[in-house]
Amino acid sequence: MNTRLLHDTQEDLSIAAELIRHGELVAFPTETVYGLGADARKEKAVRAIFAAKGRPADNPLIVHIAGLDMLGMIAAEVPPLALTLAGHFWPGALTMIFPKRPEIPSVTSGGLDTVGIRMPSHPAARALISLSGCPIAAPSANRSGLPSPTTAKHVMDDMNGRIAAVLDGGQCEGGVESTVICFDDTQTIHILRPGLISQEDLAPYAGRVYVDHAVFEQIAPETKVASPGMKYKHYSPKAKILPVDAPDFDAFVRYVRQHWKEHTYCLLFDSDPEPDGIPCLHYGDSGIRQAHDLFFRFRELDELGAALVYVRMPSQSGAGLSVYNRLMRAAGFEVIRL
Ligand code: TXA
Ligand code: MG
């Protein structure tokens, strides 16, 4: 299959929308990461997403909508708390889990009777959904297990020849995937996957907001978890990723020098100085900047031929928790604690 590279123009958006209507796969930019989209109601098209990614069939997809009118087509029930959150955070990087309507085939929801829904804010994503008139099921557009793509080039690297088209909308602003939440009861928000919309951001709207334990620890493959995506090793470049929890930069550098081998790199904060003789990349200082850079740097490190990467440990507060979670997942939860 020849994968077309489309651009963010009216003409190309119409071509992309037409492809979606015909049951083809189109990767498109969102404000978080690139998604690999198909009509969420077409079973065959959705199966093709799983095949193109090599994704386990029990890992459900997020359905993307352009307006609240589409919500009723997909969700069987929408609690008042969800509507409040939609008012504050949609369009944006928040995915909410609802009981699903029968029109959404079970392949889309990974066999669950619930469905994750998100209204993205990226103009190209919104145009694609509106022009096609379809709710669009879209996981991140990477091959399963690899870091999520934040540029059209990353998508091409993973998907060229496997999908109909990639819509190039430049580099994604967010850099990590959306915050995924479900509702335990009318007043409780349960964060299944942290994103740039943090626990602190959600707190004013609910009685209680808590983060699932799978965000902090490795889950055995047979375990039943609230969000199937959390049990798979993820986001990982070819290089081995090793976060180092050091009391300060000097202790970090000392450790790396003692353990340095060929093809070892460091991933540092922007404000860290370059240590002599150790190849380094930087990934921001704040949670927001680190989120923007993390997956991009992972893919760069693979291009550089890194075998092992020591990473400065991000903070776990606010948006930082999303960075911490992706890093720990990439490392299989192995950490060097000094
Ligand atoms: O920012 C994003 O969320 C991106 C863009 C493209 O929108 N999408 C994305 O999709 O990251 P994906 O498939 O890579 O991750 C979806 C996550 C998985 O961890 C999945 O298990 C969880 O959401 N999820 C989806 N539907 C669910 C459901 N019904 N119940 C529990 N978890 C669900
Ligand atoms: Mg993904």
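Residues numbered from 1 in each chain as written. Chains lettered and ligands numbered in written order. Predicted model: local features only at pLDDT ≥ 70, side-chain atom pairs only at ≥ 80, totals over all residues. Heavy atoms only, no water.

A few words now on the sheet that holds strand E16 (residues 336-337). Within the open sheet, the five strands sit side by side as E14-E13-E15-E12-E16. Their pairing is parallel. Taken across any chain shown, the strands that pair with only one partner, and hence form the sheet edges, are strand E14 (280-282) and E16. Contacts from helix H8 (residues 249-259) reach strand E12 (240-245), strand E13 (264-268), strand E15 (308-312) and E16, with the element oriented near 170° to E15. Of the strands in this sheet, E12, E13, E14 and E15 are in contact with helix H9 (residues 287-304), which crosses E14 at around 160°. (Pairing = 2+ DSSP bridges. Helix = DSSP H or I, 4+ residues; strand = E, 2+ residues; numbered from the N terminus. Contact = heavy atoms within 4.5 Å. Axes fitted to C-alpha atoms, helices over the stretch in contact; angles between N-to-C directions.)

Glancing now at the packing of H9 against helix H10 (residues 320-330). For any two helices packed against each other, the geometry is given by the interaxial angle and the distance between the axes. Between H9 and H10, the shortest axis-to-axis distance is 8 Å and the interhelical angle comes to 25°. Classified by the interaxial angle, the pair formed by H9 and H10 is roughly parallel. The element H9 and its partner H10 pack so that their crossing is left-handed. Residue-level contacts link Gly287, Gln290, Ala291, Leu294, Phe295 and Phe298 of H9 to Gly320, Val323, Arg326, Leu327 and Ala330 of H10. By residue class, the composition of the contact of H9 with H10 is seven nonpolar, three polar and one charged. (Parallel < 35°, antiparallel > 145°, perpendicular 65-115°, else oblique. Left-handed = near helix turned anticlockwise from the far one by under 90°. Nonpolar A, V, L, I, M, F, W, Y, C, P; charged D, E, K, R; others polar.)

To continue, consider the sheet that holds strand E9 (residues 179-185). Strands belonging to one sheet form pairs held by backbone hydrogen bonds; the direction of such a pair is parallel or antiparallel. Spatial strand order, E1-E8-E2-E3-E7-E4-E6-E5-E9-E10-E11: eleven strands in an open sheet with mixed pairing. Every interior strand has two partners, whereas the edge strands, strand E1 (4-7) and strand E11 (208-211), have only one. Summarising the sheet, strand E3 (residues 35-39) and strand E7 (residues 136-137) pair through two bridges and their orientation is antiparallel. When the sheet's bridge partners are listed, aspartate 39 is paired in E7 with isoleucine 136. Against the sheet, helix H1 (residues 10-21) makes contact with E1, strand E2 (26-28), E3, E7 and strand E8 (165-168), and its axis sits at roughly 130° relative to E1, the strand it touches most.

Often, the extent of an interface is quoted as the loss of accessible area upon association of its parts. Domain boundaries assigned for the protein chain yield domain 1 (4-168) and domain 2 (240-337). Taking the mean C-alpha position of each, domain 1 and domain 2 sit 30 Å from one another. Taken together, the two surfaces of domain 1 and domain 2 that pack against each other cover about 640 Å², and 57% of this comes from carbon and sulfur. Summed over the shared surface of domain 1 and domain 2, the result is two salt bridges. Between glutamate 303 and lysine 153 there is a salt bridge; the shortest N-O distance is 3.0 Å. Run the count over domain 1 and domain 2 and you get three residue pairs in polar contact (both at pLDDT 80 or more). (Domains from an automatic or database assignment. Buried area = accessible area lost by both parts, 1.4 Å probe. Salt bridge = Lys/Arg side-chain N within 4 Å of Asp/Glu carboxyl O. Polar contact = N/O pair within 3.5 Å; in protein donor to acceptor, adjacent residues only side chain to side chain.)

Right, let's get into the state of the cysteines. Applying the stated criterion across every chain yields a total of zero disulfides. A disulfide-free cysteine, cysteine 280 has its sulfur positioned 4.7 Å from the sulfur of cysteine 266, the nearest such atom. For cysteine 280, a relative accessible area of 14% puts it in the buried group. (Disulfide = S-S within 2.5 Å. Buried < 20%, exposed > 50% of the residue type's maximum accessible area, 1.4 Å probe, protein only.)

Okay, the side chain of asparagine 325 next. Within the secondary structure layout, asparagine 325 lies in helix H10. The exposure class of asparagine 325 is buried, given its relative accessible area of 0%. Every residue in contact with asparagine 325, bar those within four places of it in the chain, is listed here: Pro194, Val215 and Met230.

Among all positions of H8, only Phe249, Ala251, Phe252, Val253, Tyr255 and Val256 are buried. Elements in contact with the buried residues of H8: E12, E13, E15 and E16. Measuring from the backbone nitrogen of aspartate 250 back to the side-chain oxygen at the start of H8 gives 3.3 Å, which picks out aspartate 248 as the cap.

So, on to a nonpolar patch on the surface. Judged by side-chain polarity, Leu68, Val78 and Leu83 come together as a nonpolar surface patch covering roughly 230 Å² of accessible area. Secondary-structure assignment places valine 78 in the loop between helix H3 (71-74) and helix H4 (80-89). On the basis of relative accessible area, valine 78 is assigned to the partly exposed category, the value being 30%. (Patch = residues over 30% accessible without salt bridge, like charges linked within 9 Å, V, L, I, M, F, W, Y side chains within 5 Å. Areas by Shrake-Rupley, 256 points an atom, 1.4 Å probe, with all protein chains shown as cover.)

Further remarks concern the nonpolar core. One finds Leu85, Trp90, Met96 and Leu202 to be the most contacted residues of the largest nonpolar core, which totals 82 residues. Counting only domains with at least three residues in this core, you end up with domain 1 (4-168) and domain 2 (240-337). When sequence neighbours within four positions are dropped, the list of residues in contact with leucine 85 reads Trp90, Leu94, Met96, Ile181, Phe183, Ile189, Leu202 and Tyr205. Ranked by size, the runner-up nonpolar core spans 21 residues in total, among them Ala239, Tyr283, Leu301 and Ala306. (Core = buried A, V, L, I, M, F, W, Y, C linked by side-chain atoms within 4.5 Å.)

This next bit is on the site of ligand 1. The environment of ligand 1 is formed by 27 residues, the closest being Thr32, Arg55, His64, Ser178 and Gly229. A distance of 3.1 Å separates an oxygen atom of ligand 1 from a polar side-chain atom of arginine 118. With respect to ligand 1, the side chain of arginine 193 contributes an N or O atom lying 2.9 Å from an oxygen atom. Isolated, ligand 1 exposes 670 Å² of accessible area, and the fraction of that covered by the protein chains is 97%. Counting residues per element, the ones that place at least two in the shell around ligand 1 are strand E4 (62-64), strand E6 (114-118) and strand E10 (188-193). A total of four residues in the shell around ligand 1 trace back to one element, the largest contributor, which is E6. For the shell around ligand 1, the residue count by class is 13 nonpolar, ten polar and four charged. (Near = heavy atom within 4 Å.)

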